[in-house]
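Fold and contact review
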Amino acid sequence: MQNFINVILPIPLEKLFTYAITAAQADFLLPGMRVAVPFGKSKIYTGLVHHLHTKPPEVYEAKEIHEILDDFPIVNETQLKHWQWIADYYMCTLGEVFRSALPSAFLLESETLILKNEKAEVNEMDLKDDEFLIFEALQHQAILKVHEVAAIVDRKHVLPVLNRLIEKKVILLKEELYEQYKPKLVRYVKLGRAYQAEENLEKLLESLTRAPKQSQVILSLFQLQATTKKPIKISELEAISGGSRAVIKALIDKHILEEYNIRRDRVVYEGSDENADLKSLNTYQESAFKDIEEAFKANKTTLLQGVTSSGKTEVYVKLIEACIQTGKQALYLLPEIALTTQLIGRLQTYFGEKVAVYHSKYNVQERVEVWNNVVARKPKAQIVIGARSSLFLPFSALGLILVDEEHEGSFKQFDPAPRYHARDAAIVLARLHGANILLGSATPSIETFNNAKTGKYGYANITRRYGNVLMPDIEIVDIKEQSRKRRMKGHFSERLLEEITATLVLGEQVILFQNRRGYAPIVECTSCGHSPQCPNCDVSLTYHQYKKELRCHYCGYHMALQESCQACGSSTLDTKGFGTEQVEHELGGLFPDAKVGRMDLDTTRGKHGYERIITAFEQQELDILVGTQMLTKGLDFRNVNLVGIMNADSLLNFPDYRAHERSFQLLTQVAGRAGRTKKRGKVIIQSYNPHHQILQQVSTNNYEEMFKEQVFEREQYKYPPVNRIIKITFKHKEYNKLNEAAAWFSKALRNAFGGSVLGPEFPPVARIRNQYLKNVLVKIDSERSLRQTKGNIKRIEKSFKAIAYYRSVRVIYNVDHI
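This section reports on the structure supplied with the text. (Residues numbered from 1 in each chain as written. Predicted model: local features only at pLDDT ≥ 70, side-chain atom pairs only at ≥ 80, totals over all residues. Heavy atoms only, no water.)

With that settled, the discussion passes to the overall build of the chain. A tally of regular secondary structure across the chain gives 27 helices and 35 strands. Over its C-alpha atoms, taken along the principal directions, the chain stretches across nearly 90 × 75 × 70 Å. Here the chain holds 818 residues, and 51% of them are scored as buried. In the chain, the share of contacts with a sequence separation of at least 24, taken over all contacts with a separation of at least 6, comes to 74%. When the accessible surface of the chain is totalled, it reaches about 39100 Å², and 49% of it is carbon and sulfur. Across the chain, the 109 positively charged side chains and the 97 negatively charged ones have centroids separated by 3 Å. (Helix = DSSP H or I, 4+ residues; strand = E, 2+ residues; numbered from the N terminus. Buried < 20%, exposed > 50% of the residue type's maximum accessible area, 1.4 Å probe, protein only. Contact = heavy atoms within 4.5 Å. Areas by Shrake-Rupley, 256 points an atom, 1.4 Å probe, with all protein chains shown as cover. Lys, Arg positive; Asp, Glu negative; His and termini not counted. Charge placed at Lys NZ, Arg CZ, Asp CG, Glu CD.)

Following this line, the structure appears as structure tokens:
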């Protein structure tokens, strides 16, 4: 009887692919192990074993697998179930989830670059004719692609030839050089065995009298051994002895010293072994903690609503401690990498090296190490803190999931598929593991709060700030009136300048929020009105002063700032609107003695970008921090007493059904950064429309009223939480073809669902990277089955793809679009 495996491939295929395996392989393989498999004519992919069976495929003949890549499963059964749920719910394929879930070092595939192995000595007589042709081509050209090799040897199937050359060590593949995970080895040194005895030591020191540098290295080694029991690194010995690497190498060559390697993780906790005691909870936190425990006993997803600076993190820490004492794993999800930098330090003071971190700013090698530590259930990965991608780690004993700032839009993945929402996917993951899940926020999303109101979720709240600090005093300044009276200095009102001056005199810090990076979004010629546009997208170029360039924030296109207008040649160029860079520039003129920092996407590139700015602000090296929405998400600065919001209107006037909810959340969160310790903080919101109901609700911190208004409006217009929505986006480089395709698809949708289909309509930015976009919105009421609706949409897509003319139009699904 023949054995087969069904394999998940990291490509968007609707079905799993079947491959043949031998009986010995069948005994060894388990679901969740990786295998290298041929696919198509010449490609090799890393596939994941889904299940083993004995039923051959009916439509095609099963190929044999190339090789087995793992000794044990790196993905478990629960993960596979979770992936399947994500694929079904978010209307994508299992392969897309697989590609997104695994660190890229685990996915080797053959869009391969072939390089010559410089270290190998090649005997040309051993090479066959076709092998020699490739070897000769590599003498003249450093890199070859698979299709180029196929042309050189005039054969379609070149992988067998390449495999023979790899075995003979003539060539290297580029994936091997870059994508393979290599463990980090640290070089250590100890005294050679022959010199361990005392009499031999004396002889050794006598023999080294004429080599003072070598003698100094040996004496330094003794000093180190006397002070520490840990192994001694070569780099450490080099630093203390003052000897060079060459001196140490000479001693190793003489066998006086012995060199050995120890494998070490790239991310290592270097704090003390003593962990701090947990802070005791105050009465409000204690009461919320009890409510949470009660809801957990009833197996309910629970919402913790606590005002900003109420000490939600301390409640989380208490829950994590209870979880790890039972030997289970805890996952702490955060929306923003900036937040992880502050929280890692706080959690490590309590839990030491039990905390592992997982997010996209870590390189591939570091992410593989965290993945392997979670698979092996090592103590150093008992608590994982990370952004949305940490949801995919191979937990086997998950006891608790915390989703902090659950209202954040950053939890939703936009591109590429799977377009999942980490909060909702975490709730399903918790159900699969039988784990508890807590959603925390000062301003919960409308859907979550609605679920808590209707009793679907458990609910706990903390209404007072920690230490009974008062909520900040919020003042709204009418900049329309101020501009009319000519009392504005740049983009600063008189009130804001007075408060900044008073705060700086007291030695306290200021945060200024402007939700746009760059210097100005538009550069305009005052003579003819022309403003430079991106050639690839339908947007104007943003001016970045620090690089003197105009840049597109969608595709990255950039050009130097022109001295004169490209249309009329006039040199009267002016900027419109303002971003964080301009605020920083104006502050330099208004407060020349203050140290000003900026925190936006431009200043936080690189792994330690966030950390550098946050640490400088925490240690009061900066007086004023200007930033975008990164600043709003749960950061805790002790000395901030004033928060200024430069322009609240840009948030409120956004064409989206969530604009008011988002504005309330964002403004409340920014305001929450002020006065977090003893003194009551001050918040100044600048607006052209100070009587807007959202601004009034923010100033009185009235979440309930905002919730009632928003739910009433959404019931009228059939938006979540009353209805579900699926956004379908069509993408193509030809304008007319896109219009026809979108019209055909939406007509078919209207035939199936009637009036609950909106569109097709161009979005505000209708062309990105030379691809035109058009959106259709499908609203699904609570009585209609979501599964059936998705099935109908997929059937329409099949008919759509059957029309040859429309086949090149991309159809993108975004379920629960936010």
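Once that is clear, we can look at the sheet that holds strand β25 (residues 558–560). Strand order in the open sheet made by the three strands is β23-β24-β25, with antiparallel pairing throughout. Bordering the open sheet on either side are β23 (542–544) and β25, each of which pairs with just one other strand. With direction set aside, neighbouring strand axes in the sheet form an average angle of 30°. Where β23 lies against strand β24 (residues 549–551), three bridges are found, and the strand directions are antiparallel. Paired with Tyr 543 across the strands is Leu 550, a residue of β24. (Pairing = 2+ DSSP bridges. Axes fitted to C-alpha atoms, helices over the stretch in contact; angles between N-to-C directions.)

Once that is clear, we can look at the pairing of strand β15 (residues 355–358). Burial along β15 is two-sided: the face carrying Val 355 and Val 357 and the face carrying Ala 356 and Tyr 358 are both buried. Bridge count for β15 against strand β16 (residues 383–386) is four bridges, and the pairing is parallel. Looking at β16, one finds that Tyr 358 is bridged to Gly 386. For the crossover that starts at β15, traverses helix α15 (residues 364–375) and ends in the parallel β16, the hand is right-handed. (Right-handed = clockwise from strand over helix to strand, strands pointing away.)

Here the focus is the sheet that holds strand β29 (residues 640–645). Pairing is parallel across the open sheet formed by six strands, whose spatial order is β20-β30-β29-β21-β28-β27. Among the strands making up the open sheet, the edge pair consists of β20 (473–478) and β27 (596–599). Strand-to-strand twist across the sheet, computed as the mean angle between neighbouring axes with direction ignored, equals 20°. Relative to strand β30 (residues 682–687), β20 runs parallel, the two sharing six bridges. Counted as the bridge partner of Ile 476 is Ile 685 from β30.

Examined against the element boundaries, Leu 738 turns out to sit in helix α26 (residues 735–753). Put simply, Leu 738 and Ile 21 are 717 residues apart on the chain and 45 Å apart in space, counted from C-alpha to C-alpha.

Further remarks concern a negative patch on the surface. Among the surface-exposed residues, Glu 198, Glu 199, Glu 202 and Glu 206 lie close enough to one another that they form a single negatively charged patch. On the secondary structure map, Glu 198 appears in helix α8 (residues 198–207). (Patch = residues over 30% accessible without salt bridge, like charges linked within 9 Å, V, L, I, M, F, W, Y side chains within 5 Å. Salt bridge = Lys/Arg side-chain N within 4 Å of Asp/Glu carboxyl O.)

Another point: the pattern of salt bridges. Overall, the coordinates contain 31 salt bridges when judged by the stated rule. A salt bridge links Arg 662 to Asp 656, with the nearest nitrogen and oxygen atoms 3.2 Å apart. The network of salt bridges with common partners includes Asp 473, Glu 475, Arg 495, Glu 498, Glu 499 and Lys 682.

Within the secondary structure layout, Arg 516 lies in the loop between β21 (509–513) and β22 (522–525). C-alpha separation for the pair Arg 516 and Gly 577, spaced 61 residues apart in sequence, amounts to 9.5 Å. Among residues more than four places away in sequence, those in contact with Arg 516 are Pro 521, Phe 578, Gly 579, Thr 580 and Thr 628.

The next subject is helix α27 (residues 786–802). End to end, α27 covers 25 Å across 17 residues, agreeing with the expected 24 Å (1.5 Å per residue, within 8%). Summarising the contacts, the buried residues of α27 are in contact with α2 (77–89), β31 (724–732), α26, β34 (771–780) and β35 (810–815). You can read the cap of α27 off the contacts: a side-chain oxygen lies 3.4 Å from the backbone nitrogen of Arg 787, and it is on Ser 785. (Expected span 1.5 Å × (residues − 1). Polar contact = N/O pair within 3.5 Å; in protein donor to acceptor, adjacent residues only side chain to side chain.)

Before going further, it helps to examine the state of the cysteines. For the structure on display, the rule yields zero disulfides. The cysteine Cys 537 is free of any disulfide, with Cys 555 supplying the nearest cysteine sulfur at 3.8 Å. (Disulfide = S-S within 2.5 Å.)

Another point: the side chain of Thr 313. Position of Thr 313 among the secondary structure elements: in helix α13 (residues 312–325). Exposure remark for Thr 313: the relative accessible area of 15% places this residue in the buried category. Setting aside chain neighbours within four positions, we find Thr 313 in contact with Tyr 332, Leu 343 and Arg 346.

So, about the packing of helix α23 (residues 659–671) against helix α25 (residues 703–717). The interhelical angle for the contact between α23 and α25, taken along N-to-C directions, is 165°, at an axis separation of 10 Å. The orientation of α23 relative to α25 falls into the category roughly antiparallel. As α23 packs across α25, the resulting crossing turns out to be left-handed. In this structure, α23 uses His 660, Glu 661 and Phe 664 to contact α25, whose residues at the interface are Tyr 703, Met 706, Gln 710 and Arg 714. (Parallel < 35°, antiparallel > 145°, perpendicular 65-115°, else oblique. Left-handed = near helix turned anticlockwise from the far one by under 90°.)

The geometry of two aromatic rings is summed up by the distance between their centres and the angle between their planes. Throughout the structure, instances matching the rule amount to 28 aromatic pairs. With a centroid separation of 4.9 Å and an interplanar angle of 80°, the aromatic rings of Phe 449 and Phe 707 are classed as edge-to-face. Of this pair, Phe 449 sits in helix α17 (residues 446–453) while Phe 707 is found in helix α25, placing the two residues 258 residues apart along the sequence. Residue classification places Phe 449 among the buried positions, given a relative accessible area of 3%. Residue classification places Phe 707 among the buried positions, given a relative accessible area of 6%. It is Lys 779 that lies over the ring of Tyr 719; its NZ or CZ is 4.0 Å from the centre. (Phe/Tyr/Trp six-rings, centres within 6.5 Å; stacked < 30°, edge-to-face > 60°. Lys NZ or Arg CZ within 6 Å of the ring centre and 35° of its normal.)

General note: in soluble globular proteins, nonpolar side chains tend to be found buried as a group. Ranked by internal contacts, the top residues of the largest apolar core, which has 114 residues, are Trp 83, Leu 102, Ile 401, Ile 728 and Leu 749. Sort the elements by how many residues they give to this core and α26 lands first, with seven residues. Excluding residues that lie within four positions of it along the chain, Ile 401 makes contacts with Leu 331, Leu 333, Ala 426, Leu 429, Ala 430, Asn 436, Ile 437 and Leu 438. If you look at the next biggest cluster of nonpolar residues, it comprises 31 residues, including Ile 292, Phe 296, Leu 402 and Ile 462. (Core = buried A, V, L, I, M, F, W, Y, C linked by side-chain atoms within 4.5 Å.)

For residues other than glycine, phi is negative in most cases, and the peptide bonds are mostly trans. Backbone torsion omega between Ala 417 and Pro 418 reads 0°, so that peptide bond is classified as cis. You can see Pro 418 is positioned in the loop between β17 (398–404) and α16 (422–433). At the junction of Gly 759 and Pro 760, the peptide bond is cis and its omega measures out at 10° in the coordinates. Among the structural elements, Pro 760 can be located in strand β32 (residues 757–761). The backbone phi angle of Asn 299 is positive, close to 55°, even though this residue is not glycine. With respect to the secondary-structure elements, Asn 299 resides in the loop between α12 (283–297) and β13 (302–306). For Asn 299, a relative accessible area of 70% corresponds to the exposed category. In this structure, Glu 405 takes a positive phi of about 50° despite not being glycine. Take Glu 405: it is sitting in the loop between β17 and α16. Given a relative accessible area of 5%, Glu 405 falls into the buried group.

In short, shape yes, function no, at least from these values alone.
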